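Examination of the molecular architecture
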Amino acid sequence: MADGQWIQHLCGRLDRGEIDSPRFLEAFTQQMATHIGCSRAGVWVFTEVPEGRALRCLAMYDGVHDRMVRATDMISAEVGPYFDALLRDGCVVAPDARSHPATVGFLDEYLLPLDVHSVLDVCFSVNGRLFGTFSCEQVGAPVAW
């Protein structure tokens, strides 16, 4: 499908009840990874936890293993610079996520164990309110977004 048509088609299927929300998120993350050309793609939402604000993963597709995977919450107390950059700039573009000031806090718990080298996270809003992020990750080697 031409650029943008895949998301319109997918949203139409959800709207008509042909697929449910979990299937929508699975298909969306798979298509996003394919369309952008990244190893992993996810959808995260902002939430509050006892430790402060957090991002909770709704869906994460791993193209290397061709399957949906789980991801742990990202909590502001642990990765404040990441949250600050997201809220200030609306995105985090980290071709070298292992040394980028906003993502280096994920090094030991997330980046190294999963072999993630590059991160591209973009905020999205619902009804004018900041709601979450679309996330792209590159494993194995860095990529310039």
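**Some points on the pairing of strand β5 (residues 91-94)**
Burial along β5 is one-sided: V92 and A94 are buried, and none of C91 and V93, which face the opposite way, are. Across four bridges, β5 lies against strand β6 (residues 116-126) in antiparallel orientation. Residue pairing for β6: C91 is matched across the bridge by V122.

**A closer look at the pattern of salt bridges**
Counting across every chain of the model gives nine salt bridges. Where E26 meets R23, a salt bridge forms, and the shortest distance between an N and an O atom there is 3.4 Å. Highlighted residues: E26 and R23, both in helix α2 (residues 21-36), separated by three residues, approximately one helical turn. Given the relative accessible area of 28%, E26 is considered partly exposed. Among the ionic pairs, D89 bridges to R88, the shortest N-O distance being 3.1 Å. A cluster of three or more residues bridged by salt bridges with shared partners is formed by R13, R16 and E18.

**What about unusual backbone geometry?**
The phi dihedral of D115 falls on the positive side, at around 60 degrees, and the residue is not glycine. Even without being a glycine, N127 presents a positive backbone phi close to 55 degrees. Position of N127 relative to the elements: it lies in the loop between β6 and β7 (129-139).

**Remarks on the nonpolar core**
Membership of the largest hydrophobic core comes to 23 residues, with the highest contact counts inside it found for W44, L55, Y82, V92, F106, Y110 and L111. Setting aside chain neighbours within four positions, we find L111 in contact with A97, R98, T103, F106, V116 and V119. In terms of nonpolar packing, the next biggest core, distinct from the first, is built from 17 residues, L25, A33, Y61 and F124 among them.

**A look at the side chain of S118**
Among the secondary structure elements, S118 is positioned in strand β6. For S118, a relative accessible area of 0% gives the class buried. A distance of 2.8 Å separates a polar side-chain atom of S118 from the backbone nitrogen of V143. Apart from the residues lying within four places of it in its own chain, the contact partners of S118 are A94, P95, A97, C136, E137, Q138, A141, P142, V143 and W145.

**Looking at the packing of aromatic side chains**
Under the counting rule described, the total for this entry stands at nine aromatic pairs. The interplanar angle of 50 degrees and the centroid separation of 6.0 Å between the aromatic rings of F124 and F131 together place this pair among those described as tilted. By the ring-pair criterion, three or more aromatic residues cluster together here, those being W6, F24, F28, F124, F131 and F134.

**Some thoughts on the confidence of the model for the protein chain**
Residues at a pLDDT of 70 or more form 97% of the protein chain, whose mean pLDDT is 91. Mean pLDDT in the protein chain bottoms out at strand β4 (residues 74-75), which sits at 82, and peaks at strand β3 (residues 67-68), which reaches 97.

**Side note on the pairing of strand β1 (residues 40-49)**
Of all ten residues making up β1, seven are buried, and the element is well covered by its neighbours. Across ten bridges, β1 lies against strand β2 (residues 52-62) in antiparallel orientation. Among the inter-strand pairings, W44 is bridged to a residue of β2, identified as C57. Linking β1 back to β2 in an antiparallel pair, the connection comprises two residues.

Conventions used here
- Residues numbered from 1 in each chain as written.
- Predicted model: local features only at pLDDT ≥ 70, side-chain atom pairs only at ≥ 80, totals over all residues.
- Heavy atoms only, no water.
- Buried < 20%, exposed > 50% of the residue type's maximum accessible area, 1.4 Å probe, protein only.
- Helix = DSSP H or I, 4+ residues; strand = E, 2+ residues; numbered from the N terminus.
- Pairing = 2+ DSSP bridges.
- Salt bridge = Lys/Arg side-chain N within 4 Å of Asp/Glu carboxyl O.
- Core = buried A, V, L, I, M, F, W, Y, C linked by side-chain atoms within 4.5 Å.
- Contact = heavy atoms within 4.5 Å.
- Polar contact = N/O pair within 3.5 Å; in protein donor to acceptor, adjacent residues only side chain to side chain.
- Phe/Tyr/Trp six-rings, centres within 6.5 Å; stacked < 30°, edge-to-face > 60°.
- pLDDT = per-residue confidence, 0-100.

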